[in-house]
Amino acid sequence: MTRHRRDENGAAPDDWLSIGEVSARTGVAVSALRFYEELGLIASERDDRNQRRYPRHMLRRVALVSVAKRIGIPLQDLREAFADVPLDRPPSHAEWQRASRVWRRQLEERRQAIERLEAELTGCIGCGCLSMKACALLNPGDALAEDGAGPRRL
Ligand code: FES
């Protein structure tokens, strides 16, 4: 990394943060930040002492990763949402808007899946038959039928 470089917004060198500073500002553990970086969710550059330095705009990504984790969004889904959001410069408003649309679609799919599960679970709690043939919770989409006739579980 060229430590004294200014980014496209004219950010000064002070706008580059160490991993400890990012951790302190976001509340995310240093080990988690390294993991997010391995997954390509965030990116850093190295200074002349081979220490990670993060541009300030990376704080927003870290915050979004934290939110996604808190609400149960798999990090793989987040990678999909971030796919067109650049890592090497502050993303534009339009780029964040595109990511937001992908994320909203993912959330809507999860919401619908949870509603389906809730409906099935409610029915099963009142039923209790545990039928492999009839119970959508035990055998979603009758997937066990592909394994042949006869008992498959329990
Ligand atoms: S327990 Fe009877 S349908 Fe699920």
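To be clear, the structure that these remarks concern was listed above.
Residues numbered from 1 in each chain as written. Predicted model: local features only at pLDDT ≥ 70, side-chain atom pairs only at ≥ 80, totals over all residues. Heavy atoms only, no water.

*Asks:* Go over the overall build of the chain with me, naming the residues and quoting the values.
*Replies:* Within the chain, the regular secondary structure consists of five helices and three strands. For the chain, buried positions account for 29% of its 154 residues. Here the contacts in the chain between residues at least 6 apart in sequence split such that 51% fall between residues at least 24 apart. With an accessible surface of roughly 9,900 Å², the chain has 52% of that area assigned to carbon and sulfur atoms. (Helix = DSSP H or I, 4+ residues; strand = E, 2+ residues; numbered from the N terminus. Buried < 20%, exposed > 50% of the residue type's maximum accessible area, 1.4 Å probe, protein only. Contact = heavy atoms within 4.5 Å. Areas by Shrake-Rupley, 256 points an atom, 1.4 Å probe, with all protein chains shown as cover.)

*Asks:* I'd like a rundown of the packing of aromatic side chains, residues and numbers included.
*Replies:* Here the distance between the centres and the angle between the planes together describe a pair of aromatic rings. Counted by the stated rule, this structure contains two aromatic pairs. Measuring from ring centre to ring centre gives 6.5 Å for phenylalanine 35 and tyrosine 36, while their planes differ by 50°; the resulting arrangement is tilted. Look at tyrosine 36 and you get buried, because its relative accessible area is 4%. Arranged with centres 6.0 Å apart and planes meeting at 75°, the rings of phenylalanine 82 and tryptophan 96 form a pair that is edge-to-face. Highlighted residues: phenylalanine 82 in helix 4 (residues 75-82) and tryptophan 96 in helix 5 (residues 93-127), separated in sequence by 14 residues. Note on accessibility: phenylalanine 82 and tryptophan 96 belong to one class, buried. (Phe/Tyr/Trp six-rings, centres within 6.5 Å; stacked < 30°, edge-to-face > 60°.)

*Asks:* Break down the pattern of salt bridges for me, citing the residues and quoting the values.
*Replies:* It is possible for side chains of opposite charge to pair when their charged atoms get near one another. On inspection of all chains with the given rule, the structure shows nine salt bridges. The closest approach of N and O atoms between glutamate 108 and arginine 111, which form a salt bridge, is 2.6 Å. On the criterion of helical spacing, the pair formed by glutamate 108 and arginine 111 is a turn pair, its members being three residues apart in helix 5. Since its relative accessible area comes to 32%, glutamate 108 is described here as partly exposed. Arginine 111 sits in the partly exposed class, given a relative accessible area of 39%. (Salt bridge = Lys/Arg side-chain N within 4 Å of Asp/Glu carboxyl O.)

*Asks:* Which residues make up helix 2 (residues 30-38), and what are the values?
*Replies:* The complete set of buried residues in helix 2 reads Ala32, Leu33, Tyr36 and Glu37. Projected down its long axis, helix 2 carries its buried residues within an arc of 140°, all on one side. Close packing links the buried residues of helix 2 with helix 1 (19-26), strand 3 (52-55), helix 3 (58-70) and helix 4. In the segment just after helix 2, glycine 40 is the residue with positive phi, at about 85°. (Arc of directions from axis to C-beta.)

*Asks:* Please provide a residue-by-residue account of unusual backbone geometry, values included.
*Replies:* The residue asparagine 50 is not glycine, and still its phi comes out positive at about 65°. Locating asparagine 50 in the fold gives a position in the loop between strand 2 (45-46) and strand 3. Judged by its relative accessible area of 52%, asparagine 50 falls in the exposed class.

*Asks:* An account of the packing of helix 3 against helix 4 is needed here, citing residue identities and associated values.
*Replies:* One way to put it is that helix 3 packs onto helix 4 with a least axis distance of 10 Å and a crossing angle of 140°. Overall, the two elements helix 3 and helix 4 adopt an arrangement that is oblique. Considering only the axes of helix 3 and helix 4, their crossing is right-handed. For the pair formed by helix 3 and helix 4, the contact residues are Arg61, Leu64, Val65, Ala68 and Lys69 on the first element and Leu75, Leu78 and Phe82 on the second. (Axes fitted to C-alpha atoms, helices over the stretch in contact; angles between N-to-C directions. Parallel < 35°, antiparallel > 145°, perpendicular 65-115°, else oblique. Left-handed = near helix turned anticlockwise from the far one by under 90°.)

*Asks:* Break down the nonpolar core for me, with residues and values.
*Replies:* Note on soluble globular proteins: their nonpolar side chains tend to be buried together. If you look at the biggest cluster of nonpolar residues, it comprises 24 residues, and the most contacted ones within it are Val22, Leu33, Tyr36, Leu41, Ile42, Val65 and Leu78. For this core, the secondary structure elements donating two or more residues are helix 1, helix 2, helix 3, helix 4 and helix 5. (Core = buried A, V, L, I, M, F, W, Y, C linked by side-chain atoms within 4.5 Å.)

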